Structure formats: structure tokens, C-alpha cells
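What the coordinates show
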Amino acid sequence: MISKLISMLPDSDPSGDDFESFFGDAEPLLLTKKGTLNKLKPGQSKPDRDGSDWKGLDGTTFVTRIGPDYARNKTKKPSKQAFYSCEAVDFLASRRKIPNIGRYFDLGSTAEKKKTGGKNQSCKAVPEVFLIQFQIPDYAPAIMTSQGDGEGYNLIFHYRLTDKGRKELKEAKSGAAKLFIRFLQAIRAGGGPQNSDHSLYLRPKAIMRLMNHEELGLGFVHRKICETFNAKPFLTRPEHTFHLAPDNSYLEIDIDVHLFKYFQRRCVHSFRGNFNKSIIDVGITIESQDDDEMPEQMLGACTISKFSHKNCLLVAENEETALPLVTHNSILSTESKEPSTPPAPTMGPPPPPPNAGDEEGTWHGMW
């Protein structure tokens, strides 16, 4: 069934618009880590204009796992309120991926910090700021390999710990609160996913829910894919990387769509023409597996509405501050264009062990 759907997807975006038609020879804004005055402010790209919009969600509209014995009962119910609230969204364009993009934002300039007078009210074990970055390619996918890097878009959600979330995580009474703290401890103790096979590195899970699919006039293939996978949680591994600031000020999870399986990349590419008409709920959680980790609870959630590529701010890294990019054996170097066996990645999780996922993550490993 999946193979038939793939063969029926259009080879290119039917809108005819691509990265170069939007940006051409435009000069990008060079990102810098030096001085808060020179850094980007959260929301500076202003994606919410010309009919586009975003709205933070409290997470309670997402259904998540509950115990006991979820593996047998498969019971879910609406999540409790998310630990973090969305305070800004950015939609950036770049000719190369930008890992750990939080380095380039003044994360202390938000309205929440101003409201608290700049006082440190944080729970020391938990980052006050949480970023999710979706790195989305804008080039046509190849079936036998992933280009791994190139022109694309960076969709960034800026979250800040709520007062209620701070209290819940400080008290650490719920299974979800304990699990998130263990997840953070695993990142610190392991020195990064590249140095550990800890199963917690495989647990981040995203939920994407297309809210207005009936209004989009989708073709047969996209309708079928939507019916099958819409709002279905998927584990983001192994195409995610984590960046925890040394001072614990922020955690960033980068979800690298450039490295997704062929089926997902082709779906994303063929759907580009509908993105600026779509209303999408996006949420993230850490997957609970055992009873003492239940019930699951959303980390953060947000709705994006009719975001347009034309509203993106074109940015680029200064070569002196650029980080090495994650690669794996199936990727062609963007410099040599020849197959190679790269060294061990400097960031990114190990391959998942057998049977690490469940029925929720099935779609992410189909191709």
C-alpha cells in the first residue's frame, strides 16, 4: 500500500515555486552569537503576517498514553496542561541547515522575563526555555540516498516554562515529570547522544495534526495519507539532535527532516504548495512506556496557520560559528557529492535498538 502511494505522489511541488524563486540572489542576515543586541529576538522573523498566524496551545487537546499496562490496554486520554507555553514562533530560510539555532537568539529578551522583572525563578534541574526546530528541506528527494543538507526552512517554536509546569517539575510527583527530569539527566550524564545508547534518547515524540484538510481540496494520495497518519504520534529518532546549554538555560531539540526516510521526504516536498493554506497543530512529549512513567504529558504545543515561505527571513551562519553537521552512512556529502563513510557523528543519537518503537512510531520507519 505504501509503495503504491509513493509511486502516485507528484514528483515536484505543483505550485511551481521553489527556494530560488523566493530568494534568488538575496543577501542573508548573518547570525552572530556575540552580544545580545546583535542576536535575533524570538519572533523577529514575524511569520504571523499577511494572513499567517500562530497560537500557543495548553496541550489538553492532544490525547496521550495512560496506565496501567498501556502495552496491553492501549488507553489514552487528553493530556494535562503542557509544562511549557509557546511564546514565539520563527520561520527562517537558509541555504544550509543551522544546528543549535538557539545560540543565535537572545533568549532572555522575552515578554515573560520582563514580566518577572528578570528574576531567576527557574527550577535548577529544568531549562527555563525549550526550543523545537524542524529543519525542512526544499529540494526534491532522491530515492536511494538523502542529500542531507541544502536549501530549506527552519521552523522554530520558542517555549518557556509555565509557573504550573515549574512547580510540577520541582515537586516531581507525576510520572511524566519524573520522566522528563530523567531525560535531562541522561543528556547531561552522557555528554550528548553520541556518547550513550541510553534508551531515553529515543523517547521524544511529536504529534502533527492537520486541522483543515477538508478545506484544502487534496488529491486522492494526500487524502489517503492524511486519513492514515494525521495526528498519529511518531518518535523523532534517529533524526533528532539535542542541545542543552552548559548553563542549563535552554534545551533545544532539532528534528532533521533532511534525514527522514524517502517516503516522508517525498510527502513533505509534494505538500509544499498546500503549506501556506494549512492549519497545523504541533505538539511534543517524551514517550512513557512503564506504569511509573504514566500518564504522558505534553511538553509544549502550538498551532501554526497558513505560514508562507514568502514571509521567511533569509539567514546564514558565520563560518566561524558554524557547527559540524550530523551525517550518517547513507548521506552524500554536499561538498564531494560522492558516497563516503563519514566519521562518527558529533551530535545525534545512536541507531534505535530492535523494537524500540511502537505502533505510534510505525509511519516513521516505513521506507
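Residues numbered from 1 in each chain as written. Predicted model: local features only at pLDDT ≥ 70, side-chain atom pairs only at ≥ 80, totals over all residues. Heavy atoms only, no water.

It is worth spelling out the overall build of the protein at this point. Per the secondary structure count, the protein includes 9 helices and 14 strands. Here the protein, with 367 residues, has 52% of them falling under the buried criterion. In the protein, the proportion of contacts linking residues at least 24 apart, taken out of those at least 6 apart, comes to 80%. Split by element, the accessible area of the protein, about 17000 Å² in all, is 53% carbon and sulfur. (Helix = DSSP H or I, 4+ residues; strand = E, 2+ residues; numbered from the N terminus. Buried < 20%, exposed > 50% of the residue type's maximum accessible area, 1.4 Å probe, protein only. Contact = heavy atoms within 4.5 Å. Areas by Shrake-Rupley, 256 points an atom, 1.4 Å probe, with all protein chains shown as cover.)

Enumeration according to the criterion identifies 17 aromatic pairs in this entry. Ring centres 6.5 Å apart and planes at 45° place the aromatic pair Phe-23 and Tyr-153 in the tilted group. Taken together, the residues span a long stretch of sequence, with Phe-23 in helix α2 (residues 19-23) and Tyr-153 in strand β7 (residues 152-161) at a distance of 130 residues. The pair formed by Phe-23 and Tyr-153 is uniform in burial state, with each residue classed as buried. Grouping aromatic residues by their ring pairs yields a cluster made of Phe-83, Tyr-84, Phe-130, Phe-134, Phe-157, Tyr-159, Phe-180, Phe-183, Tyr-201 and Phe-242. When the ring centre of Phe-62 is taken as reference, the NZ or CZ atom of Arg-209 above it lies at 4.2 Å. (Phe/Tyr/Trp six-rings, centres within 6.5 Å; stacked < 30°, edge-to-face > 60°. Lys NZ or Arg CZ within 6 Å of the ring centre and 35° of its normal.)

So, on to the sheet that holds strand β6 (residues 129-137). Taken in spatial order, the 7 strands of this open sheet run β1-β14-β5-β7-β6-β11-β10, and their pairing is mixed. Each edge of the open sheet carries a strand with a single partner, namely β1 (29-31) and β10 (240-244). The sheet shows a mean angle of 30° between the axes of neighbouring strands, direction not considered. Where β6 lies against strand β11 (residues 250-256), 7 bridges are found, and the strand directions are parallel. Bridge assignment links Phe-134 to a residue of β11, and that residue is Ile-255. (Pairing = 2+ DSSP bridges. Axes fitted to C-alpha atoms, helices over the stretch in contact; angles between N-to-C directions.)

We now examine unusual backbone geometry. Between Gly-67 and the following residue, Pro-68, the backbone shows a cis peptide bond with an omega angle of -5°. Counting through the fold element by element, Pro-68 comes out in the loop between β3 (63-65) and α3 (70-73). That bond from Met-294 to Pro-295 is cis: its omega, -10°, falls within 30 degrees of zero. Of note, Lys-74 is a non-glycine position whose phi angle comes to about 55°, a positive value. Counting through the fold element by element, Lys-74 comes out in the loop between α3 and β4 (76-78). What makes Lys-74 partly exposed here is its relative accessible area of 43%.

This part is about the side chain of Asn-100. Following the sequence through the fold, Asn-100 ends up in the loop between β5 (84-94) and α4 (111-115). For Asn-100, a relative accessible area of 11% translates into the label buried. Setting aside anything within four residues of it in sequence, one finds Asn-100 in contact with His-243, Tyr-250, Glu-252, Asp-254 and Leu-323.

Once the charged atoms of two side chains with opposite charge are near each other, the side chains can pair. Going through the model one piece at a time under the given rule, you end up with 17 salt bridges. One salt bridge connects Asp-256 with Lys-97, and the closest N-O pair in it is separated by 2.5 Å. Of the two residues, Asp-256 is situated in strand β11 and Lys-97 in the loop between β5 and α4; the sequence distance between them amounts to 159 residues. Take Asp-256: its relative accessible area is 6%, and that puts it in the buried class. (Salt bridge = Lys/Arg side-chain N within 4 Å of Asp/Glu carboxyl O.)

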